[in-house]
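Spelled out, the chains give:
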Amino acid sequence: MSAEALLTVMERLISYHQSLYELAGKKTDMIKKGDMAALDQMLKDEQTHVATIKKLEQARIQIAVTLVPSIEKPTIADCIQGLEQHDQQALLEKREQLASVIAKLKEKNQLNQQLIYHSLQYVNLSMNLVNPKAAAQNMNYIHPQKAKSQAATGMFQSKV
């Protein structure tokens with residue numbers, strides 16, 4: 001295996017991560033619209049992307065092991081040291097591109113996570129407004145006799 005094979009795998013990794021980033025952007029719009037059917041399909045598409053990325057990562061690891069057999073789990077930095085100058089520069093650029101795309105993807109996923117969290121808060125608030133008894137229900141144990149007397153007299157005793 002050569003540096004060309006490693007560069008090819010890195011290009012494909014960048015491509016799939018970029019595609020995953022685009023899917024995350026579309027997911028943001030779907031979350032905002034509340035389109036659950038489309039969001040479900042989007043999650044399936046993301047899972048196929050992630051599976052492909054895992055396969056590509058395994059291929060990258062195998063190529064790296066053949067390039068640097070002296071190291072058990074070589075990194076891209078380890079591979080760069082053993083290559084020619086023009087291959088080193090190309091691999092450095094690919095590494096930077098991949099790191100950049102992954103950072104953007106991470107930010108977009110954090111945004112999506114916050115949107116989903118806020119949506120769930122809104123749903124809970126709406127449910128509490130529709131059914132306030134469930135929200136105000138006391139979660140502590142009250143003896144049934146006491147509960148009846150409290151219901152008859154109310155929570156506030158004006159005689160006291």
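Along every chain, residues carry numbers that run from 1 in the direction the sequence is written. Residues qualify for local features only when their pLDDT is at least 70, as the model is predicted, and side-chain atom pairs are given and counted only at 80 or more; totals for whole chains, interfaces and linings, by contrast, use all residues. Hydrogens and water are ignored here; the side-chain numbers use all heavy atoms of the structure.

### A closer look at the overall build of the chain
Right, so step 1: Summing up its helical and strand segments, the chain has six helices and zero strands in all.
Right, so step 2: In DSSP terms, a helix is any run of H or I states spanning at least four residues, a strand is any run of E spanning at least two, and both are numbered starting from the N terminus. Walking the chain from its N terminus toward its C terminus, one meets helices and strands in the order α-α-α-α-α-α.
Right, so step 3: Between buried and exposed lies partly exposed: a residue is buried under 20% and exposed over 50% of the maximum accessible area for its type, with that area taken using a 1.4 Å probe on protein chains only. When the 160 residues of the chain are sorted by exposure, 24% land in the buried category.
Right, so step 4: Only heavy atoms matter for contacts: two residues are in contact if any of them lie within 4.5 Å across the pair. Contacts spanning at least 24 positions in sequence make up 68% of the contacts within the chain whose residues lie at least 6 apart.

### With respect to the packing of helix α1 (residues 3-33) against helix α4 (residues 85-130)
When two helices pack together, you describe them by how their axes are tilted relative to each other and by the distance separating the axes.
Right, so step 1: Comment: axis = line fitted to C-alpha atoms, over the contacting stretch for helices; angle = value between 0 and 180 degrees taken between N-to-C directions. The contact between α1 and α4 brings their axes to 9 Å, and the two run at 20°. It follows that α1 is roughly parallel to α4 by the angle criterion. Regarding α1 and α4, the two cross each other, and that crossing is left-handed.
Right, so step 2: For the contact of α1 with α4, the class distribution of residues is 19 nonpolar, eight polar and nine charged. Geometric relationships in this document are graded by angle, where less than 35 degrees denotes roughly parallel, more than 145 denotes roughly antiparallel, 65 to 115 denotes roughly perpendicular, and other angles denote oblique. Crossing handedness follows the turn of the near helix against the far one: under a right angle anticlockwise gives a left-handed crossing, and clockwise gives a right-handed one. Each residue gets one of three labels, nonpolar for Ala, Val, Leu, Ile, Met, Phe, Trp, Tyr, Cys and Pro, charged for Asp, Glu, Lys and Arg, and polar for the others, Gly among them.

### A closer look at α4
Right, so step 1: For a helix, the expected span equals 1.5 Å multiplied by the number of residues minus one. With 46 residues, α4 should reach 68 Å at 1.5 Å per residue; the first-to-last C-alpha distance of 68 Å fits that figure.
Right, so step 2: Considered for burial, the residues of α4 that qualify are D87, Q88, L91, K94, L98, V101, L105 and N112.
Right, so step 3: Buried residues belonging to α4 abut α1 and α3 (76-81).

### Side note on a nonpolar patch on the surface
Right, so step 1: In this scheme, patches are assembled from residues that exceed 30% relative accessible area and form no salt bridge. Like charges are connected within 9 Å, while nonpolar side chains (Val, Leu, Ile, Met, Phe, Trp, Tyr) are connected within 5 Å. Computed by Shrake-Rupley with a 1.4 Å probe, the accessible areas treat only the displayed protein chains as cover when residues are assessed. The term salt bridge refers to a pairing of a side-chain nitrogen on Lys or Arg with a carboxyl oxygen on Asp or Glu at a separation within 4 Å. Residues Y122, V123 and M127 make up a contiguous nonpolar surface patch of roughly 340 Å² in combined accessible area.
Right, so step 2: Looking at the secondary structure, you find V123 in helix α4.
Right, so step 3: Looking at V123, the relative accessible area reads 41%, which means it is partly exposed.

### Focus: the packing of α1 against helix α2 (residues 36-67)
Right, so step 1: At a minimum axis separation of 9 Å, α1 and α2 run at an interaxial angle of 160°. Judged by the angle between their axes, α1 and α2 are roughly antiparallel. Crossing hand, α1 versus α2: left-handed.
Right, so step 2: Within the contact of α1 with α2, the residues separate by chemical class into 22 nonpolar, four polar and seven charged.

### Brief notes about the pattern of salt bridges
Right, so step 1: Under the defined criterion, the tally for this structure stands at four salt bridges.
Right, so step 2: Here K44 and D40 are joined by a salt bridge, their closest N and O atoms 3.9 Å apart. Taken together, the residues K44 and D40, both in helix α2 and four residues apart, mark about one turn of the helix.
Right, so step 3: Owing to a relative accessible area of 43%, D40 belongs among the partly exposed residues under this scheme.
Right, so step 4: Residue E57 pairs with R60 through a salt bridge whose shortest N-O separation is 2.6 Å.

### What to know about α2
Right, so step 1: With 32 residues, α2 should reach 46 Å at 1.5 Å per residue; the first-to-last C-alpha distance of 46 Å fits that figure.
Right, so step 2: Its buried side turned inward, α2 meets α1 and α3.
Right, so step 3: Measuring from the side-chain oxygen of the N-cap residue of α2 to the backbone nitrogen of A38 gives 3.4 Å; that N-cap residue is D35. N or O atoms within 3.5 Å of each other form a polar contact, as long as, within protein, one can give a hydrogen and the other can take it, and as long as residues adjacent in sequence are counted only when both atoms are side-chain atoms.

### A short note on the environment of E96
Right, so step 1: Assignment of secondary structure puts E96 in helix α4.
Right, so step 2: Sequence separation between E96 and I14 is 82 residues, and the spatial gap between their C-alpha atoms is 9.9 Å.

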